Amino acid sequence: MADDIVNSAIASRQLPLLQRHLAYLQQFSPYYRRLFQQCGFTSAGLRSLADLQQLPVTDKNDLSRFNRDFLAVGEEKVVDICQTSGTTGDAVTVWQTEADLQRLAKNEQLAFTAAGIKATDRVLIGAALDRVFMAGLAYFLGLRKIGATAIRAGSGQPTLVAELIRQQRPNVLVGVPSLLLMVANQLQQRGEPPQTSGVEKIICIGEPVRNEDLSLSPLGLALSETWEAQVLGTYASTEMATAFADCSSGCGGHLLPDLMIVEILDDAGEPVAVGDAGEVVVTPLGIEGTPLLRYRTGDIARIHTDPCECGRETPRLGPILGRRAQMLKCRGTTLFPAAVNGVLQQITGVQGYYLEVHSEFDLSDRLRVVVGCDGDLSVTMVAEQIAAKTRVKPEVVLVSSAAIREKTLQPEMRKPVTFFDYRDKDSLV
Ligand SMILES: [Zn+2]
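Predicted, not measured: the structure shown is a model, and the values here were computed from it. (Residues numbered from 1 in each chain as written. Predicted model: local features only at pLDDT ≥ 70, side-chain atom pairs only at ≥ 80, totals over all residues.)

Caption draft 1: Spatial organisation of the domain arrangement of the chain. What the domain assignment lists for the chain is domain 1 (1-323) and domain 2 (327-427). On a C-alpha basis, the centroid separation for the pair domain 1 and domain 2 is 29 Å. Taken together, the contact between domain 1 and domain 2 spans 5 residues of the former and 7 residues of the latter. For the side of domain 1 that touches domain 2, the class distribution of residues is 3 nonpolar, 2 polar and no charged. (Domains from an automatic or database assignment. Contact = placed C-beta atoms within 7 Å. Nonpolar A, V, L, I, M, F, W, Y, C, P; charged D, E, K, R; others polar.)

Written out as structure tokens, the structure is:
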């Protein structure tokens, strides 16, 4: 009942914002004006938030194919251009106006404030402000609004990040977990243990640091132990220009209801039951330059609506369980590569791994787990550990750690590739 009251309070705030958003799309967005005409919709026809479900979704392919038709202002109003990778190889442009930058600043101010950041904090930004990225810019604008001190280290050079931590003594770090582990390693090697660096809080971007039950994942725990700092997560993307940020209770990313409407949809595009996992579909509100409607992120997660310790009543997004395209269906059970990776990372003796998935005759997928080990390891034990956590018992094969490195380290990729999909793509939804 309490949930219903909170939800209806949020819905009554969101409805006029959505109505305004739809009227804006109809008037200014060439892409959506055309789409509305095709499906006979007028913005005045939306009477409740549930009516949103009658409208078509937009995916990355649409944004890539008709990119320029998403620009909803004259070029003279654009003050910043962001790019994100497209589906066909061409980058997708996201145009921002002055009002969009103000909105981005507000978004990040709210997200960082929820994470407990105050004007007295010194925050190292381990994300790029250049290269037409949005994230680093958003963090800088948000910190400026809070009045905290920003230290713009960027993401490219761990040595520089380590040096800036030594010289400028930030008490908060923002960055991708792998970079922050590398930086900790560098400090350690210089005889300056990261635990003594003065870092109290780490805000992670790019990779989830929580398990499905919202406890810290092995990656999150590794960071928290290495730095002896509180580890919080945040999830956002260039297209949504809005963040889901862990509050300082660390129980999932709070939704900012005035800035975005979130739906969780199943394979057929229908809403899932509250609390079930599905694709995160977002409608960012109040965007001028590149407004979107029901944008499919391709990411799978679930919404938590139980009260949060922090007292905020907004729904929270749990960790991203995987990409929709990577979802495996093994004999009636759904799972994601990340869940199997999480198990493998905790087994002593595993020296690297990769997963292969093949189609099986009964519309089910067949998972093969290739594990690197130069010593003794029982394939039965590995398969049973995976089955205990995921309810799927895969075929497990042992190879040398060198064979794993050869397969997973690809010169053109930034991170090791540990998932190989050999399914017949035509049969996928
Ligand atoms: Zn909270």
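Caption draft 2: Highlighting the sheet that holds strand β11 (residues 278-284). In space, the 4 strands of this open sheet follow the order β10-β11-β12-β15, with antiparallel pairing throughout. Every other strand in the sheet has two partners, leaving β10 (260-265) and β15 (322-323) as the edge strands with one partner each. (Pairing = 2+ DSSP bridges. Helix = DSSP H or I, 4+ residues; strand = E, 2+ residues; numbered from the N terminus.)

Caption draft 3: Broad picture of the nonpolar core. In this structure, Ala115, Val123, Ile125, Val174, Ile202, Met260 and Val369 are the most contacted members of the largest nonpolar core, which totals 112 residues. With 6 residues, the top contributor of residues to this core is helix α5 (residues 135-146). If we ignore the near neighbours within four places in the chain, the residues touching Val123 are Ile117, Leu143, Ala148, Thr149, Ala150, Ile151, Pro170, Val172 and Val174. (Core = buried A, V, L, I, M, F, W, Y, C linked by C-beta atoms within 7 Å. Buried ≥ 20, exposed ≤ 12 C-beta atoms within 10 Å, placed from the backbone.)

Caption draft 4: Structural view of the packing of helix α4 (residues 98-114) against α5. Orientation of α4 relative to α5, taken along the N-to-C sense of each, is 70°, at an axis distance of 7 Å. By the angle between their axes, α4 is roughly perpendicular relative to α5. Residues Leu101, Leu104, Ala105, Asn107, Glu108, Gln109, Ala111, Phe112 and Thr113 of α4 form the contact with α5, whose participating residues are Ala138, Tyr139, Leu141, Gly142, Leu143, Lys145 and Ile146. For the contact of α4 with α5, the per-class residue count stands at 10 nonpolar, 4 polar and 2 charged. (Axes fitted to C-alpha atoms, helices over the stretch in contact; angles between N-to-C directions. Parallel < 35°, antiparallel > 145°, perpendicular 65-115°, else oblique.)

Caption draft 5: View of helix α6 (residues 158-168). Taken together, the buried positions of α6 are occupied by Pro158, Val161, Ala162 and Ile165. Axial view of α6: buried residues confined to an arc of 100°, hence all on one face. Away from the buried face of α6 by more than 90 degrees, exposed residues Thr159 and Gln167 are located. At its buried positions, α6 is contacted by β3 (122-126) and α7 (177-189). Arg169 sits one or two positions beyond α6 and adopts a positive phi of about 50°. (Arc of directions from axis to C-beta.)

Caption draft 6: Geometry of the sheet that holds strand β7 (residues 230-235). Pairing is mixed across the open sheet formed by 9 strands, whose spatial order is β4-β3-β5-β6-β7-β8-β9-β14-β13. Two strands close off the open sheet at either side, each with one partner strand: β4 (149-152) and β13 (303-304). As judged from the 2 bridges shared by strand β9 (residues 253-254) and strand β14 (residues 316-317), these two strands associate in the antiparallel manner. What sits directly across from Gly253, in β14, is Leu317.

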